[in-house]
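Fold and geometry: a report
The residues making up each chain are set out below.
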Amino acid sequence: MYDYDLLVIGSGPGGQKAAIAAAKLDRRVAIVDRRDMVGGVCINTGTIPSKTLREAVLYLTGMTQREMYGQSYRLKDDITVGDLSSRTQHVIGREIDVIRSQLSRNRVTLLIGTASFIDAHTISIKGTDEIDERRVHAEKIIIATGTRPARPGTVDFDGRTVVDSDQILSLDKIPGSMVVVGAGVIGIEYASMFAALGTKVTVVERRDRMLDFCDVEIVEALKYHLRDLAVTFRFRESVLSVGRHNGGTLTLLESGKRLPADTVMYSAGRQGLTTALNLANAGLSADNRGRIKVGSDFRTEIDHIFAVGDVIGFPALAATSMEQGRLAAYAACGEDVHVMRHDLMPIGIYTIPEISYVGSTEDELTERAVPFEVGVARYRELARGQIVGDSYGMLKLLVSSVDRKLLGVHVFGTGATELVHIGQTVMGCDGTIDYLVDAVFNYPTLAESYKVAALDAMNKMRAIARFSG
Ligand SMILES: Cc1cc2nc3c(=O)[nH]c(=O)nc-3n(C[C@H](O)[C@H](O)[C@H](O)COP(=O)(O)OP(=O)(O)OC[C@H]3O[C@@H](n4cnc5c(N)ncnc54)[C@H](O)[C@@H]3O)c2cc1C
């Protein structure tokens, strides 16, 4: 009766993992996406290009080597857009290949076009040509259509001088100056990459702080580093208008300040891609930011339709979208599904330097009146820190003063997004810092910072115990 047991709309991380998980359970699966978007935002315009660009910037500018070879050290003096995009295009091409091959190896049919609901089990798939339409019937459907950058209607985006976070990847030259509107993760990541390339960056943010979900001390350290790269922060400022002229742009702030710059990048949140889906035909709807509501097993209000990834909102990460996709596929196939542990979800921010954390922040613990001790390790005191030339990095452990359980891990500096997973594992196993104190780590490594920080916390707790008799 149905063409497929499961049809997945969108081939980003959520859709891919859903399709493959269902195929492994011997279901007949198809996945739909536009020809130029196989792999989703993740591979084509988001995670992969931005992280590859960061790697190219670090390599070509020689930034990570300057503590050793001096502040004037560069691998290449005149870095061009071509130098940067050749690396991103190479990685994107390889990643698309990997995905196509994984889908075909698992017998997942890739249908090219834009999907929309005809009814709750029937999907129309249209190619670029309006007469090129096919209809497929599926028993279960997973929506994984992701998001696009939100664009304020008052700003005229031309894709060259006034751009969003998708268009920034196709600039024709590296701007001498840039205004970044919005100090969220994407805005700050790009601000730090362009600052490293020598662009004079001004960040405009309506709120009075940035990345307010992160550890305050670590965000302060990041701001210090970015200011050192000539980034100017304008907090509690809103953009009134952005004008374009021959020489570039002029951003007018509500406070009356004028910011001339070659380029303006807007990074003002993202909007769920649900309009084209005609959700109403399936009995569904989206909120004003295009997001679809789901339950803990990613089921929508319609029993056989699921939604995963950015289209369901927070946390909107490739990392979480993949797991949501897998779990939704299990639920759709009638398998047991565990509930995702949000308390163990890592956050990785690929600024220069990078930040990562898992668990609670000091502010959250204080607010909840949870007694804790802090253990800190600084990279400059680790042999590996000296070897790699990272004197600013740090790892901070938040430890329960009651039972020595690890409550939070916050890392700043080289390898932060990798290192955090050691702490995540200890927390996932409900471990205490005794394990970290007793374990032998390879030497010299940055991982050794766990032992140093655990000893620091342990010694502080011992001292307090001595005082308290
Ligand atoms: C600049 C940037 C940097 C990022 N960096 C990171 C990072 O470092 N780490 C991290 O974990 N996350 C990062 N993210 C977030 C990450 O990219 C997203 O969380 C992830 O891509 C969401 O996956 P998804 O499965 O929801 O689908 P997406 O990757 O958003 O893909 C959705 C797909 O659905 C398709 N689609 C939409 N509508 C239809 C339709 N009607 N018919 C057919 N197909 C349709 C689209 O063409 C698209 O290919 C970043 C995002 C951006 C923008």
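The rules behind the values
- Residue positions are given per chain, counting from 1 as you read along its sequence in written order.
- This being a predicted model, a pLDDT of at least 70 is required before a residue's local features are given, and a value of 80 or more before pairs of side-chain atoms are given or counted; all residues contribute to the totals for chains, interfaces and linings.
- Hydrogens and waters are ignored; side-chain quantities use all the structure's heavy atoms.
- An automatic or database domain assignment provides the domain bounds reported here.
- Every residue pair with non-hydrogen atoms within 4.5 Å of one another is taken to be in contact.
- Defined here as a combined quantity, buried area equals the accessible surface (1.4 Å probe) lost by two parts on assembly, summed across both.
- Just to be clear on terms, a salt bridge is a Lys or Arg side-chain nitrogen sitting within 4 Å of an Asp or Glu carboxyl oxygen.
- Near, as used in this document, describes a residue that has one of its heavy atoms within 4 Å of the molecule or strand being considered.
- Nitrogen and oxygen atoms within 3.5 Å of one another constitute a polar contact, given that in protein one can donate a hydrogen and the other can accept it, and given that sequence-neighbouring residues count only through two side-chain atoms.
- Helix numbers and strand numbers start at the N terminus; a helix is a DSSP run of H or I with at least 4 residues, a strand a run of E with at least 2.
- Residues are sorted three ways: Asp, Glu, Lys and Arg are charged, Ala, Val, Leu, Ile, Met, Phe, Trp, Tyr, Cys and Pro are nonpolar, and all the rest, Gly among them, are polar.
- Any helix carries an expected span of 1.5 Å times its number of residues minus one.
- Exposure is judged per residue with a 1.4 Å probe applied to protein chains only, and the accessible area is read against the type maximum: over 50% gives exposed, under 20% gives buried, and values in between give partly exposed.
- By arc we mean the arc of the directions from the helix axis to the C-beta atoms, nothing more.
- Axes here refer to lines fitted to C-alpha atoms; in helices the fit is confined to the stretch in contact. Angles between the N-to-C directions go from 0 to 180 degrees.
- Angles are sorted into four bins: roughly parallel if under 35 degrees, roughly antiparallel if over 145, roughly perpendicular if 65 to 115, and oblique for all others.
- Should the near helix be turned anticlockwise from the far one by less than a right angle, the crossing is left-handed, and should it be turned clockwise, the crossing is right-handed.
- Being paired, for any two strands, means DSSP has found at least two bridges between them.

1. Structural notes on the domain arrangement of the chain
Taken domain by domain, the chain comprises domain 1 (4-149 + 271-342), domain 2 (162-268) and domain 3 (353-468). Summarising the inter-unit geometry, the C-alpha centres of domain 1 and domain 2 are found 27 Å apart. With 15 residues of domain 1 in contact, the opposing surface of domain 2 contributes 14 residues. Across the domain 1/domain 2 interface, buried area totals approximately 1,200 Å², and carbon plus sulfur atoms make up 74% of it. Contact with domain 2 buries area across many residues of domain 1, yet Thr 45, Val 81 and Pro 149 alone supply 37% of it, more than any other trio. Linking domain 1 with domain 2 are one salt bridge. Between Lys 51 and Glu 189 there is a salt bridge whose closest N-O contact spans 2.6 Å.

2. Some thoughts on the site of the ligand
By nearness alone, 38 residues border the ligand, and Gly 14, Asp 33, Thr 47, Ala 115 and Asp 310 come closest of all. Within the side chain of Lys 51, one N or O atom sits 2.9 Å away from an oxygen atom of the ligand. Contact distances for the ligand include 2.8 Å between a nitrogen atom and a backbone N or O atom of Ala 115. Taken together, the elements giving at least two residues each to the shell around the ligand come down to helix 1 (13-24), strand 2 (29-33), helix 2 (40-44), helix 3 (47-61), strand 4 (114-119), helix 6 (185-196) and helix 8 (318-332). Looking at the shell around the ligand residue by residue, the classes come out as 17 nonpolar, 16 polar and five charged.

3. A look at helix 13 (residues 449-467)
An ideal rise of 1.5 Å per residue puts 27 Å on 19 residues; helix 13 measures up with 27 Å between its terminal C-alpha atoms. For helix 13, the full list of buried residues reads Ser 449, Tyr 450, Ala 453, Ala 454, Ala 457, Met 458 and Met 461. In a view along the axis of helix 13, the buried residues occupy a sector of 165°, so they form one face of it. Seen from the buried face of helix 13, the exposed residues on the opposite side, beyond 90 degrees, are Arg 466 and Phe 467. Considering only its buried residues, helix 13 is in contact with strand 20 (372-378), strand 21 (394-400), strand 22 (406-412), helix 11 (416-428) and helix 12 (433-438).

4. Notes on the packing of helix 3 against helix 5 (residues 81-105)
As a packed pair, helix 3 and helix 5 sit with axes 9 Å apart at the nearest point and diverge in direction by 140°. With respect to helix 5, the element helix 3 is oriented oblique. Two packed elements cross with a definite hand, and for helix 3 against helix 5 that hand is right-handed. From helix 3, Ile 48, Pro 49, Thr 52, Leu 53, Glu 55, Ala 56, Val 57, Tyr 59 and Leu 60 reach across to helix 5, where they touch Asp 83, Leu 84, Arg 87, Thr 88, Val 91, Ile 92 and Glu 95.

5. Quick notes on the environment of Gly 385
Structurally, Gly 385 is set in helix 10 (residues 383-388). Overall, Gly 385 belongs to the buried group, its relative accessible area being 1%. Residues Gly 385 and Pro 444, 59 residues apart in the sequence, show an inter-C-alpha distance of 8.6 Å. Ignoring sequence-local partners within four residues, the contact set of Gly 385 consists of Tyr 379, Asp 390 and Leu 446.

6. Quick word on the pairing of strand 21
Counting buried positions along strand 21 yields seven of seven residues, so the element is predominantly enclosed. Burial of strand 21 is two-sided: the residues Met 394, Lys 396, Leu 398 and Ser 400 facing one way and the residues Leu 395, Leu 397 and Val 399 facing the other way are all buried. Across seven bridges, the pairing between strand 20 and strand 21 is antiparallel. In the strand pairing of strand 21, Arg 378 is matched with Met 394. Where strand 21 folds back onto strand 22 in an antiparallel hairpin, the turn is made up of five residues, including Arg 404, whose phi is positive at roughly 65°.

7. Remarks on the sheet that holds strand 21
Here five strands make up an open sheet; going across it, the order is 18-19-22-21-20 and the pairing antiparallel. Edge strands, defined here as strands with exactly one partner in the open sheet, are strand 18 (347-349) and strand 20. The average undirected angle you get between the axes of adjacent strands in this sheet is 10°.

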